Structures are given as structure tokens and as C-alpha cells.
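# Per-entry structural report
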Amino acid sequence: MARAAGDSFAELVRIMATLRAPGGCPWDAEQSHTSLMRYLVEEAYEVVEAVEAPEGVNLPLLREELGDVLLQVVFNADIASSEAGGFDIVQVIDGLSAKLKDRHPDVYGSDEQRANAPKDASDQQARWDELKAAEKSERGPLDGIPPHLPALAMAEKTVTKAKKAGITLPPEPVSMTDDLPSMLREEDFGELLFTLVCRAKQNGLDSERALRTYTRHFIEHFGRPRPGASGLED
């Protein structure tokens, strides 16, 4: 499988190089990292669509959409290879491989590291957090959150990192029936969020902008590096 994947990937890299070379595709040759960003975001959302299909994961569609995401990776790497101080797809792959090995000493480490490997997913997550903190020791606790994430995804990632860093979050309801209706299902919570969006619309407010603005202010206030604390980044 690894050899077949290598051959197929090499062919994809050759095709991309041909399309962007003189005599290739004029549109491909004109693209930049900036111009491709919207396509990368769109393709990522189409992967989500395939996974969350009403009838279950749509595997044929998922295969196609993952290919489209891969195209964006190869496309951007080919552009970068022609820029001063840039990189090529080999460096992208090598960097990722090195990161995976560094983050999995339980598999690729010494005999002692493997013997002391985490026994379950929870322990493994804690170990990853330690490794990432060591890698990013000079970063703030909320660094590494992409500023252009959709507002809800940005808020969720911020909450996750803030909890890990021990940052005080806005007060939560004392119980599920305190400030919020009883919600045991995602559908119930989705209904509440939809209702809040409707209320915001009635009041002339932009829900996406409102949540994004509040989250950014939270990050700016609590995200500065603190003495003795380390930021985490995925």
C-alpha cells in the first residue's frame, strides 16, 4: 500500500507541476496562496458534508472530496517551491512525518518511552498536551487558534484551550435547568442556538460577527504568555 501510494502521489505532483509550467494551464499558473484560500475552505466544508450525510458517511463522495483537499495541499506546495525562501511538497511531508514521530514516542521512541506509554486515549491526550507545550514554550495559552475559523468553531476551540490553561471562563449555568432548557441531545441545543440567531436577527445583530468579536476579545485579554505557563498549538 505504501509503495502504491507513493507512486500515485508522485504522479499527482508531476501533474500539478505540468499544469503550472509554461505551456500548461494558464489559470493554474496564475494562482497564488491567497487566491486558493477560498477553495481550500470550501473543499474542507465539502468533506464535512460527505461525513455528515443524512444517510451516514457518503464514502464515494468522501473519497472525491478528500482528493480535492489533497489537491489544494499539492497546489500550494508547488507555488511555494517557486518562491524565495519557499518549500516543496517533500519538505511538507517530511515535516509532518517528523511531527507525528515526535508526538508518538510511545510508538517511535526508546524502549523506556514505549514501556511508559499512555494506556488509554485520555492519558495520550495529556501526553500530547505536554509535548505541544514543550514545542511552543514561548507562546501564549490561546495562541494557535486560526482567526478565520467560523465563529462557533473558533469559540469552541478557545473554550477548550482556556480550560486546559486554567483560564476563568464566563460563568456556566448551575444546572441544565438554571438558565437553559434541559438539553440532553445536540438537536435540542441546536434548536436553542437557532432561536438565539432568530432573536439576534430581530434585533438587527449579526450572530456570526457577535460571537467572533467576543471570542477575539477574550483571546486578546487572556491569551498573552504568562510566566511559567505554556501555550498549546495543534
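Residues numbered from 1 in each chain as written. Predicted model: local features only at pLDDT ≥ 70, side-chain atom pairs only at ≥ 80, totals over all residues. Heavy atoms only, no water.

One broad rule of soluble globular proteins: the nonpolar side chains tend to lie buried together. Core analysis: the biggest nonpolar cluster contains 7 residues, these being L142, I145, M154, A162, I167, F218 and I219. Sorting the residues of this core by element identifies α9 (151-165) and α11 (207-222) as the ones contributing at least two each. Counting 5 residues, the second-largest nonpolar core is a separate cluster that includes M16, L36, V74 and F75. (Core = buried A, V, L, I, M, F, W, Y, C linked by side-chain atoms within 4.5 Å. Buried < 20%, exposed > 50% of the residue type's maximum accessible area, 1.4 Å probe, protein only. Helix = DSSP H or I, 4+ residues; strand = E, 2+ residues; numbered from the N terminus.)

Turning to the packing of helix α3 (residues 33-51) against helix α4 (residues 59-81), a few remarks are in order. Between α3 and α4, the shortest axis-to-axis distance is 8 Å and the interhelical angle comes to 160°. Comparing the axis directions of α3 and α4 gives the class roughly antiparallel. The handedness of the crossing between α3 and α4 comes out as left-handed. Of the residues in α4, those in contact with H33, L36, M37, Y39, L40, E43, A44, E46, V47, A50 and V51 of α3 are L61, L62, E65, L66, D68, V69, Q72, F75, N76, I79 and A80. Within the contact of α3 with α4, the residues separate by chemical class into 15 nonpolar, 3 polar and 4 charged. (Axes fitted to C-alpha atoms, helices over the stretch in contact; angles between N-to-C directions. Parallel < 35°, antiparallel > 145°, perpendicular 65-115°, else oblique. Left-handed = near helix turned anticlockwise from the far one by under 90°. Contact = heavy atoms within 4.5 Å. Nonpolar A, V, L, I, M, F, W, Y, C, P; charged D, E, K, R; others polar.)

Quick look at a nonpolar patch on the surface now. A surface patch of nonpolar side chains, amounting to about 350 Å² of accessible area, comprises L70, V73, F87, V92 and I93. For the nonpolar patch, the secondary-structure elements that each account for two or more residues are α4 and α5 (89-102). Within the secondary structure, F87 sits in the loop between α4 and α5. (Patch = residues over 30% accessible without salt bridge, like charges linked within 9 Å, V, L, I, M, F, W, Y side chains within 5 Å. Areas by Shrake-Rupley, 256 points an atom, 1.4 Å probe, with all protein chains shown as cover. Salt bridge = Lys/Arg side-chain N within 4 Å of Asp/Glu carboxyl O.)

Let's shift gears to the side chain of Q31. Its place among the elements puts Q31 in the loop between α2 (26-30) and α3. Within the structure, Q31 has its side chain in polar contact with the backbone oxygen of W27 (distance 2.9 Å). (Polar contact = N/O pair within 3.5 Å; in protein donor to acceptor, adjacent residues only side chain to side chain.)

Relative to the helices and strands, Q113 resides in helix α7 (residues 111-115). Setting aside anything within four residues of it in sequence, one finds Q113 in contact with P105 and D106.

A separate point is the packing of aromatic side chains. For the coordinates displayed, the defined rule picks out 3 aromatic pairs. Aromatic rings pair up to connect W27, Y39 and F75 into one cluster. (Phe/Tyr/Trp six-rings, centres within 6.5 Å; stacked < 30°, edge-to-face > 60°.)

Across its 23 residues, α4 extends 33 Å between first and last C-alpha, which sits within 8% of the 33 Å expected from 1.5 Å per residue. Restricting attention to buried positions, one finds in α4 the residues L62, E65, Q72, V74, F75, N76, A77, D78, I79 and A80. Of the surrounding elements, those touching the buried residues of α4 are α1 (2-20), α2, α3 and α5. Structurally, the start of α4 carries an N-cap: the backbone nitrogen of L61 is 3.1 Å from a side-chain oxygen of N58. (Expected span 1.5 Å × (residues − 1).)

Moving on to the packing of α9 against α11. Following both chains from N to C, one finds α9 and α11 inclined at 25°, their axes separated by 9 Å at the closest point. Taken together, the axes of α9 and α11 are roughly parallel relative to one another. For the pair α9 and α11, the crossing hand works out as left-handed. On the side of α9, the interface is formed by A151, L152, M154, A155, T158 and A162, while α11 contributes E208, L211, R212, T215, R216, F218 and I219. Of the residues assigned to the contact of α9 with α11, the class counts are 8 nonpolar, 2 polar and 3 charged.

In this section: the pattern of salt bridges. Summed over the entire model, instances satisfying the criterion amount to 7 salt bridges. Measuring nitrogen to oxygen at the nearest pair gives 2.6 Å for the salt bridge that ties D78 to R20. With D78 in helix α4 and R20 in helix α1, this residue pair connects regions lying 58 residues apart in the sequence. Assigned by exposure class, D78 and R20 land together as buried. Salt bridges linked by common partners bring R185, E187 and D188 together as one network.

What follows is about the confidence of the model for the protein. With 84% of its residues at a pLDDT of 70 or more, the protein has an overall mean of 83. When mean pLDDT is compared element by element in the protein, α4 scores highest at 97, while helix α8 (residues 121-135) scores lowest at 69. Counting interchain partners and residues more than four positions distant, the pLDDT-below-50 stretch residues 228-234 has 28 contacts. (pLDDT = per-residue confidence, 0-100.)

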